[in-house]
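Secondary and tertiary structure notes
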2 protein chains.
Amino acid sequence: MSTELSDAVGDLNIEQTNENGKCENEDDDIVDPWNVVSKSQEGIDYDKLIRRFGSSKIDQEFIARFEKVTGKKVHHFLRRGIFFSHRDVHTILTHYEQNKPFFLYTGRGPSSGSMHLGHLIPFIFAKWLQDIFDVPIVIQLTDDEKFLWKDIKLEEANRLAYENAKDIIACGFDVNKTFIFSNMDFMGQNPEFYRNILRIEKCVTFNQVKGIFGFGDSDVIGKISFPAIQAAPCLSSSFPFIFGKAKVPCLIPCAIDQDPYFRMTRDVAPRLGYSKPALLHSTFFPALQGAQTKMSASDNNTAIFLTDTPKQIKNKVNKHAFSGGQATVEEHREKGGNCDVDISYQYLTFFLEDDERLEQIKKDYTSGALLTGELKKILIETLQPIVKTHQENRAKITDEIVREYMTLRKLNFQC
Amino acid sequence: MSTELSDAVGDLNIEQTNENGKCENEDDDIVDPWNVVSKSQEGIDYDKLIRRFGSSKIDQEFIARFEKVTGKKVHHFLRRGIFFSHRDVHTILTHYEQNKPFFLYTGRGPSSGSMHLGHLIPFIFAKWLQDIFDVPIVIQLTDDEKFLWKDIKLEEANRLAYENAKDIIACGFDVNKTFIFSNMDFMGQNPEFYRNILRIEKCVTFNQVKGIFGFGDSDVIGKISFPAIQAAPCLSSSFPFIFGKAKVPCLIPCAIDQDPYFRMTRDVAPRLGYSKPALLHSTFFPALQGAQTKMSASDNNTAIFLTDTPKQIKNKVNKHAFSGGQATVEEHREKGGNCDVDISYQYLTFFLEDDERLEQIKKDYTSGALLTGELKKILIETLQPIVKTHQENRAKITDEIVREYMTLRKLNFQC
């Protein structure tokens, strides 16, 4: 076992001993692929998470190098700490400087037909990465995972994968550089995928997945072996129709709760002759009710869905968005609001691109010049056109277009 | 959990507590998919195994019904107790009486290019079953299992599957009713296979495979989920190109060490809307050195390979076949030999079809009229033409013919 996994497992073993991978230390936030909960109104302590997971912080130096190498201003998700942590991205940047190829990999667990705003974050960012680096991306829809974890029929999980593919495509991915796949179907289309899964499954013990994911003896065997399926796309040979036999390095933009899968993969990949996948980690998109939990599709009132009407968006924000403002107008004018816990402000950091305007809003809300109702109005007017545009783009995605993105084929890519 | 598995697991938990599924009771034989060892020279106590596994003994009544239903004399493997145990075969026979369809399923783990005589037993019997019932058979080559369990390259395990397919085809299976598949390749050719594996994986916990197979925390996750892959072919929907959407019952002829897989499957199948697979269990083909262990391809001196020359067969039998005879000719004439431990006699029960002649040999050897050298000569002269004929048949099996048997296609079958 390499040092990285030993350390991670050792670390996690100290913090996680119960079956659900919850932290033993009651003050710690809970962050794993199935649970994200913080006790603080300000949400997850991401600096602490970086230390716990052993990743690297995205700082000014990182951003400066990123801009130097790409020759472009970085996305506001990077400028504002929404993608806040990484693993080995410097290696990818060096690779890019040397005109060597790499590819992007991200994914989604299709547990619901209704995707919400938070689900868009990794795809908006992945699309931006695809544009600035001009590289291929593979997008895994883990319908098998959702079937194993949720009380959902297999056929329904598979159907949701194809529904969600439409929302993903609507983010604007280049069809000549994008391959989207449902695990249930891809497994039966490409023997190399299963071969790589087997290779990974032979490298990872139950003890390891117990330490990393908190699996227990009463978990079903499908869950226990699933991590190999999320790991396999990191190996370019899982996609011979795109990469041939070339060993192409992989960069994964994802929310930090998915890191355990790739910590495991980073241990395994070198043993199979591949470089460790690099990662860019995002924070979570908070629930309307506050940053203690992330936005969830299973609770209608915590989420703004991509199918919501302008009126629904307005009502949800006005009714549910947790406010950092004071109890009365007078008190607010006097003491000012708290942007650190205010959900409307938080959402603007994700969706309002104009840095100067955002800075002004923060200043005005903190001073009390801007009232909560006014802040909510700005958010509503920011979100309504974004969701409307998404709906218009999605409406154009026919089954034929989905088929195109999901067909095994050569991409516009030389390696 | 249904009663069957609860009982079986409960039972096994009492007897097996260590990680390799070895029996706690030191007097017990060890029988699991990876180990077959007896402390007795007469080999495994099969009656005890029937009680331990909770299967049914194949007795005269069973054989009488089998012959009545099929209108044919049963194979000498059944008459002589080589297939000695079953589960639910009466249901299959009733099904057959009612002109309802069923199918056969058996398999092989391709760990060696050199198959030996013992490996032929399930296939000789399965071919006979195919002939008398006129039903389709699916034959699984578990190259994935061998890769996971053995120190062998993935590509080599896959290559051996295709090599072994030639020996299997040489047994005379009807190409219009036989589908042979390598797991590594079939997984990538047919999404329904993975879908059924997922359904099974969702029904079985680590606790259950721990109880049934003796898996431990330090086993790799591929091993832990593998039982679902051996279980999936019991569900006819894994082969939509053969069975369409029909739920066709399954009969599995196999050595009894494979029973744990199907005990597990018999628990799961009804929960997925299928009938429990029926089973016909064979004894093990003993090693040349004696019945304490089964013949193994990994020890050259314990096995007669299907590639051995007539001279090699002669030498191996003369040199290694454990004898139940006495130390000197005089003593043998006086006391007689012991057929219960004599390997040459044991092998004749497998390969000498003539009941009367076998009975006479037993009588003569037991009385001392037949000497060990003479008995060995009869065995040599029985095996040499069988192996020669197999070699001639195998030589005719081209890669093209293998491809035909292994192509996903409709079989000559109505359901």
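Residues numbered from 1 in each chain as written. Chains lettered and ligands numbered in written order. Predicted model: local features only at pLDDT ≥ 70, side-chain atom pairs only at ≥ 80, totals over all residues. Heavy atoms only, no water.

Note the following rule: UniProt positions are given in the numbering used here, feature names are shortened, and annotations may be inferred rather than shown by experiment.
Per an unreviewed UniProt entry, chain A carries the name Tryptophan--tRNA ligase, cytoplasmic and comes from Gryllus longicercus. According to its UniProt record, chain A has this under Subcellular location (unreviewed entry): "Cytoplasm".

Looking at the sheet that holds strand β4 (residues 83-87) of chain B
All names here are of chain B. To keep things clear, this is the line we draw: Here, strands pair whenever DSSP counts at least two bridges between them. Strands are runs of DSSP state E lasting at least two residues, helices are runs of H or I lasting at least four, and both sets are numbered from the N terminus onward. Between two residues, a contact is recorded if the distance between any of their heavy atoms is within 4.5 Å. To obtain an axis, a line is fitted to C-alpha atoms, over the contacting stretch when the element is a helix, and the angle between two such axes runs from 0 to 180 degrees between their N-to-C directions.
As summarised here, the arrangement of the 7 strands in space is β3-β4-β9-β8-β5-β6-β7, forming an open sheet in which the pairing is mixed. The sheet is open, and its two edges are formed by β3 (56-57) and β7 (178-182), each paired on a single side. Sheet strands in contact with helix α14 (residues 259-268) are β4, β5 (103-108), β8 (250-255) and β9 (278-282), and its direction is about 165° off that of β9.

Observations concerning the pattern of salt bridges
What counts is decided by this rule: Salt bridges are identified by distance alone: a Lys or Arg side-chain nitrogen within 4 Å of an Asp or Glu carboxyl oxygen. A 1.4 Å probe rolled over the protein chains alone gives each residue an accessible area, and that area as a share of the maximum for its type sets the label: buried under 20%, exposed over 50%, partly exposed in between.
With the rule as written, the count across this model stands at 52 salt bridges over all chains. Between R159 of chain A and E156 of chain A there is a salt bridge, and its shortest N-O distance comes to 3.0 Å. Note that R159 of chain A and E156 of chain A are positioned in helix α8 (residues 154-169) at a spacing of 3 residues, about one turn of the helix. The exposure class assigned to R159 of chain A is partly exposed, which follows from its relative accessible area of 43%. A salt bridge links D267 of chain B to R271 of chain B, with the nearest nitrogen and oxygen atoms 3.1 Å apart. Each member of the salt-bridge network shares a partner with another, and the members are K73, R79, R80 and D355 of chain A.

Observations concerning the pairing of strand β11 (residues 290-294) of chain B
Residues and elements named next belong to chain B. Strand direction decides the pairing type here: strand β10 (residues 286-287) and β11, joined by 2 bridges, are antiparallel. Bridged to A287 within β11 is G290. Taking the residues that link successive antiparallel strands as the turn, the β10-β11 hairpin has 2 residues.

Notes on the domain arrangement of chain A
Residues and elements named next belong to chain A. Heads up, the rule is: The source of the domain bounds is an automatic or database domain assignment. Note on definitions: buried area is the accessible-area loss of two parts on being combined, 1.4 Å probe, summed for both. Put simply, Ala, Val, Leu, Ile, Met, Phe, Trp, Tyr, Cys and Pro go in the nonpolar bin, Asp, Glu, Lys and Arg in the charged bin, and everything else, Gly too, in the polar bin.
Assigned domains within chain A: domain 1 (3-289) and domain 2 (300-395). Contacts between the two partners involve 26 residues from domain 1, matched on the other side by 30 residues from domain 2. When the buried area of domain 1 at its contact with domain 2 is split by residue, R80, L117 and L288 rank highest and sum to 30% of it. The interface formed by domain 1 and domain 2 includes 5 salt bridges. One salt bridge connects D355 with K73, and the closest N-O pair in it is separated by 3.8 Å. Looking at the side of domain 1 that touches domain 2, the elements that each hand over two or more residues are α4 (76-79), α6 (117-133), α8 and β10 (286-287). The element that contributes the greatest number of residues to the side of domain 1 that touches domain 2 is α6, accounting for 4 residues. For the side of domain 1 that touches domain 2, the class distribution of residues is 13 nonpolar, 6 polar and 7 charged.

With respect to empty space enclosed by the protein
Vacant regions in the atomic arrangement are exposed by a probe of water-molecule size rolled over the atoms. Convention followed: Site definitions follow a grid-based scheme: protein atoms alone, a 1 Å grid, a 1.4 Å probe that fits but cannot get out for cavities, and for pockets an open set with protein on both sides within 12 Å along at least five of seven lines, plus lining residues having an atom within 4 Å of a point. Grid points are joined across faces, edges and corners, and a volume is the space filled by probe spheres set on the points.
Scanning the entire structure with this criterion turns up 2 cavities of 30 Å³ or more. In this model, the largest cavity occupies a volume close to 120 Å³. Every residue lining the largest cavity is counted, 16 residues in all, and those nearest its centre are Y194 and E201 of chain A together with Y194, E201 and I229 of chain B. For the lining of the largest cavity, the elements supplying multiple residues, two or more each, are α10 (191-201) and α12 (221-231) of chain A together with α10 (191-201) and α12 (221-231) of chain B. A class-by-class count of the residues in the lining of the largest cavity yields 11 nonpolar, 3 polar and 2 charged. The volume enclosed by the second largest cavity comes to roughly 30 Å³. Forming the boundary of the second largest cavity are D28, D29, D45, K48, L49 and R52 of chain B.

What about the relation of the copies chain A and chain B?
Put simply, the two copies of the chain differ by a rotation about an axis and a shift along that axis. As a reminder of what qualifies: We superpose the copies by least squares over the C-alpha atoms of residues that have a pLDDT of at least 70 in both of them.
With an axial shift of 0.0 Å and an RMSD of 0.0 Å, the rotation relating chain A to chain B amounts to 180°. The two molecules are tied by a two-fold rotation axis, judged by turn and shift. Measuring from the rotation axis to each C-alpha of chain A, the shortest distance belongs to G188 of chain A, at 2.0 Å. A high fraction, 100%, of the interface residues of chain A reappear at the interface in chain B, so the copies pair face to face through one surface.

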